[in-house]
Amino acid sequence: MNREILISGIRPTGELHLGNYYGAMKNILELQEKYNSYFFISDIHSLTTHPKPDDLTRNVLEIAKDYLTAGLDPNKSTFYVQSSIAEEICELHTYLSMVMPLGDLLRCPTFKEKAKKHPDNVNYGLVGYPVLMAADILIHKGKFVPVGEDQLVHLEIARTIVRRFNQLYGDIFPEPRPIMENAVRIPSLSGKGKMSKSDNADSYISMKDDNETIQRKVKKAYSDPTRIYKHQAGNPSKEGCNVYHLHTYFTEKEMLEKIQLQCSNATIGCVQCKSILSDSINSIVEPFRERREKLSDSYVYDVLAHGRMKAKESSQKVISEVRKAIGLRMF
């Protein structure tokens, strides 16, 4: 059965946390059933932040294990590392850059924001990020791209590139369309914003954390600031208590209703409430951690090698068509 092509990139940024798992990875299970999916680890993109070579290599392996554990099926989709087809991607990136005005890239809101935040690290890779992203999508003639709201501007640049390229060289590429990712924002244990690796390690739950570590972190979690003593009635709502907000994601409905009643009646204290939350979170993390530990490095390398072969076959067909359309010949 012919399916529409979907492309999705994954940044190799280290350990997976509970927010990533719920916010992005669980969506993969649906996408790989519906589309002809290409999932790639964007190691070339990560070079804009100059990671140490050993860290980058390790992070690629670690994020690959995370995605396979989360349910990415290499038999249903193509899973590869961006640099493993660098020849085709970087060649296409060069061709696409010829039709992309520099002024449009310099006006890109995400570039301006990052240039302002890191003025000592304004390189071409940062400016040309959207063009490389377009090459990632178009190297397989991707039609759909799962994106968060912050990436929509980059996808619109890719669509602009397609229109300009097709106008010059014929109807080569489809205009990629966005699939908005489910905006699941798991709150931070600190009570400030969403769970993020950029915060203190105690503010998020890693999918590698053991039960003891989860209990320790949750015990420190920010709870109802108006409830000082156990005999005081609590305010079990998303707005009133961060711990209860976390319960709404991880605790079963029957227990959630019980906690709400007991907290409102002051028959349960914050310590016991956090203990229940720890158990709920551990019931999700522990099976994930156990599945992940069973994946050997050699198995993951084999999966990525197989994905490279499939991605290479697709990308070589596309780049050959592009060369012909442009008028380039391999003399």
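Residues numbered from 1 in each chain as written. Predicted model: local features only at pLDDT ≥ 70, side-chain atom pairs only at ≥ 80, totals over all residues. Heavy atoms only, no water.

*Asks:* Explain the overall build of the protein chain residue by residue, including any values.
*Replies:* Each helix and strand counted, the protein chain has 13 helices and five strands in total. Along the three orthogonal principal directions, the C-alpha set of the protein chain runs to about 85 × 40 × 40 Å. Counting only residues that meet the buried cut, the protein chain has 50% of its 331 residues in that class. Looking at the protein chain as shown, the accessible area adds up to about 17,200 Å², and 51% of this sits on carbon and sulfur atoms. (Helix = DSSP H or I, 4+ residues; strand = E, 2+ residues; numbered from the N terminus. Buried < 20%, exposed > 50% of the residue type's maximum accessible area, 1.4 Å probe, protein only. Areas by Shrake-Rupley, 256 points an atom, 1.4 Å probe, with all protein chains shown as cover.)

*Asks:* Go over helix α9 (residues 211-219), please, and point to the residues and values.
*Replies:* Among the residues of α9, those classed as buried are T213, I214, K217 and V218. Projected onto a plane normal to the axis of α9, the buried residues spread over an arc of 125° and lie on a single side. Summarising the geometry of α9, the exposed residues directed more than 90 degrees from the buried face are E212 and K219. Each element contacted by the buried residues of α9 is listed here: α12 (270-293). (Arc of directions from axis to C-beta. Contact = heavy atoms within 4.5 Å.)

*Asks:* Please set out the packing of aromatic side chains residue by residue, giving values where relevant.
*Replies:* Pairs of aromatic rings are described using the distance from one ring centre to the other and the angle between the two planes. Applying the stated criterion across every chain, the model contains nine aromatic pairs. Ring geometry for Y21 versus F288: centroids 5.5 Å apart, planes at 70°, classification edge-to-face. Highlighted residues: Y21 in helix α1 (residues 18-34) and F288 in helix α12, separated in sequence by 267 residues. Exposure class is identical for Y21 and F288. Each is buried. The structure contains a cluster of three or more aromatic residues connected by ring pairs, namely Y21, Y22, Y249, F250 and F288. A cation over an aromatic ring shows up here: K217 above the ring of Y204, its NZ or CZ 5.1 Å from the ring centre. (Phe/Tyr/Trp six-rings, centres within 6.5 Å; stacked < 30°, edge-to-face > 60°. Lys NZ or Arg CZ within 6 Å of the ring centre and 35° of its normal.)

*Asks:* Break down the side chain of D224 for me, citing the residues and quoting the values.
*Replies:* With respect to the element layout, D224 can be found in the loop between α9 and α10 (242-250). Buried charge without a partner: D224 forms no salt bridge, and the closest opposite charge is R227, 6.2 Å away. A distance of 2.7 Å separates a polar atom in the side chain of D224 from a polar atom in the side chain of T226. Among the polar contacts listed, one links the side chain of D224 to the backbone nitrogen of N235, at a separation of 3.0 Å. Once you skip the residues sitting within four places of it in the chain, D224 turns out to touch G234, N235, G240 and C241. (Lys, Arg positive; Asp, Glu negative; His and termini not counted. Salt bridge = Lys/Arg side-chain N within 4 Å of Asp/Glu carboxyl O. Polar contact = N/O pair within 3.5 Å; in protein donor to acceptor, adjacent residues only side chain to side chain.)

*Asks:* How would you explain the pattern of salt bridges if you had to name every residue and give the values?
*Replies:* Inspection of every chain in the model, using the stated rule, returns 21 salt bridges. Here the salt bridges do not stand alone but share partners, grouping E62, D66, K208 and R292 into one network.

*Asks:* Outline the pairing of strand β2 (residues 36-41), supporting the account with residue identities and numerical values.
*Replies:* For β2, a buried count of five out of six residues is recorded, marking the element as mostly surrounded by other parts of the structure. Direction of pairing for strand β1 (residues 5-10) relative to β2: parallel, over a ladder of six bridges. Residue pairing in the sheet places I10 in a bridge with I41 of β2. Across four bridges, β2 lies against strand β3 (residues 78-81) in parallel orientation. Residue pairing for β3: Y38 is matched across the bridge by T78. (Pairing = 2+ DSSP bridges.)

*Asks:* Could you give an account of unusual backbone geometry, naming the residues involved and the relevant values?
*Replies:* The backbone of H50 sits at a positive phi, close to 55°, despite the residue not being glycine. Within the secondary structure, H50 is located in the loop between β2 and α2 (53-70).

*Asks:* Describe the environment of Y229, with residues and values.
*Replies:* Relative to the helices and strands, Y229 resides in the loop between α9 and α10. Judged by relative accessible area, Y229 falls into the exposed class, the value being 52%. Taking the C-alpha atoms as reference, Y229 lies 9.2 Å from A266; in sequence the two are 37 residues apart.

*Asks:* Describe the state of the cysteines, listing the residues and the values that go with them.
*Replies:* Covalent bonding between the sulfur atoms of two cysteines is what defines a disulfide. This model, assessed by the stated rule, comprises zero disulfides. Here C241 is not disulfide-linked; the sulfur of C273 is the nearest cysteine sulfur, at 6.1 Å. Unpaired in this structure, C263 has its nearest cysteine sulfur neighbour in C273, at a distance of 6.2 Å. With relative accessibility at 10%, the residue C263 sits in the buried group. (Disulfide = S-S within 2.5 Å.)

*Asks:* Can you lay out the environment of S37 for me, pointing to particular residues and giving the numbers?
*Replies:* Residue placement: S37 occurs in strand β2. Owing to a relative accessible area of 0%, S37 belongs among the buried residues under this scheme. Considering only alpha carbons, one finds S37 and F79, 42 residues apart in sequence, at a separation of 8.5 Å. Beyond its immediate stretch of four places on either side in the chain, S37 contacts L6, L31, Q32, S77 and T78.

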